[in-house]
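# A structural walkthrough
Residues per chain, in single letters:
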Amino acid sequence: MEYADIIVAVVGALALAWIADQLTGRRGLFATLLVSGVGGLCGWFLAVRVFAVGTMDDWIWVGAAMAGSALALFGFFLFRNKR
């Protein structure tokens, strides 16, 4: 499959958002999906465009996207306002 790495990155970001939502006990899935997606895009951008550690043909950027997604979710739950 030509776009398998893109599919894996998107499904991985969705899975990270769902796991984070379930582990925290909240039901704000849309917010975690948004944060996870933006974090994944930032991870891709840093790996491919800024640091040039990989290309879209490699699988390195998928790991960087998942790391960016996880970091964004961590920051989201760390600095989120508690009502």
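Residues numbered from 1 in each chain as written. Predicted model: local features only at pLDDT ≥ 70, side-chain atom pairs only at ≥ 80, totals over all residues. Heavy atoms only, no water.

## Thoughts on the overall build of the protein
Applicable threshold: Strands are runs of DSSP state E lasting at least 2 residues, helices are runs of H or I lasting at least 4, and numbering of each runs from the N terminus. The buried label goes to any residue with under 20% of its type's maximum accessible area, the exposed label to any with over 50%, and the partly exposed label to all in between, with areas taken from a 1.4 Å probe on protein chains only.
Within the protein, the regular secondary structure consists of three helices and zero strands. Seen in sequence order, the protein has helices and strands lined up from the N terminus as α-α-α. Once the C-alpha set of the protein is aligned to its principal axes, its extents read approximately 45 × 25 × 15 Å. Residues counted as buried form 29% of the 83 residues belonging to the protein.

## A look at the nonpolar core
When a protein is soluble and globular, its nonpolar side chains tend to lie buried together. Rules: Here, the term nonpolar core denotes a set of buried Ala, Val, Leu, Ile, Met, Phe, Trp, Tyr and Cys residues that are joined through side-chain atoms within 4.5 Å. Contact definition: two residues touch when any of their heavy atoms are within 4.5 Å.
Among the nonpolar cores identified, the biggest contains eight residues, and these are A9, A13, A47, V48, W61, V62, A65 and M66. Those elements that place two or more of their residues in this core are helix 1 (4-24), helix 2 (29-50) and helix 3 (60-79). It is helix 3 that provides the largest number of residues to this core, a total of four residues. Residue contacts for A65: discarding those within four places in its chain leaves G39, G40, G43 and W44.

## Points about helix 2
Note: α-helices contain 3.6 residues per turn, so residues at a spacing of three or four share the same orientation. Counted only if it meets this: Residue count minus one, scaled by 1.5 Å, sets the expected span of a helix.
The terminal C-alpha atoms of helix 2 lie 30 Å apart, and with 22 residues this matches the ideal 32 Å at 1.5 Å per residue to within 8%. Looking at the buried residues of helix 2, the elements they touch are helix 1 and helix 3. Two residues or fewer after helix 2 comes A52, characterised by a positive phi angle close to 50 degrees.

## Side note on the environment of F77
With respect to the helices, strands and loops of the structure, F77 is situated in helix 3. Taking C-alpha positions, F77 is 8.5 Å from T24, a pair spaced 53 residues apart along the chain.

## A few points about the packing of aromatic side chains
To be explicit about the condition: Between rings of Phe, Tyr and Trp, where Trp is taken as its six-membered ring, a pair exists when centres lie within 6.5 Å; planes separated by under 30 degrees are stacked, by over 60 edge-to-face, and by other angles tilted.
Taken as a whole and judged by the stated rule, the model has two aromatic pairs. With a centroid separation of 6.4 Å and an interplanar angle of 55 degrees, the aromatic rings of W44 and F45 are classed as tilted. Using a relative accessible area of 25% as the deciding quantity, one classes W44 as partly exposed. A residue is classified by how much of its surface remains accessible, and F45, at 41% relative accessible area, is partly exposed. A ring pair is formed by F76 and F77, whose centres lie 5.0 Å apart and whose planes are at 65 degrees; its orientation type is edge-to-face. The class of F77 is buried, set by a relative accessible area of 16%.

## Observations concerning helix 3
The line we're drawing: The arc in question is traced by the directions running from the helix axis to the C-beta atoms.
Between its terminal C-alpha atoms helix 3 stretches 29 Å, which fits the 28 Å expected from 20 residues at 1.5 Å a residue. Turning to helix 3, its buried residues number three or more, namely W61, V62, A65, M66, G68, S69, L73 and F77. Angular distribution of buried residues about the axis of helix 3 spans 160 degrees; they occupy a single face of the element. In helix 3, those exposed residues whose orientation departs by more than 90 degrees from the buried face are L71, F74 and F79. Buried-residue contacts for helix 3 involve helix 1 and helix 2.

Honestly, that's just the spatial picture; any functional story needs more than this.
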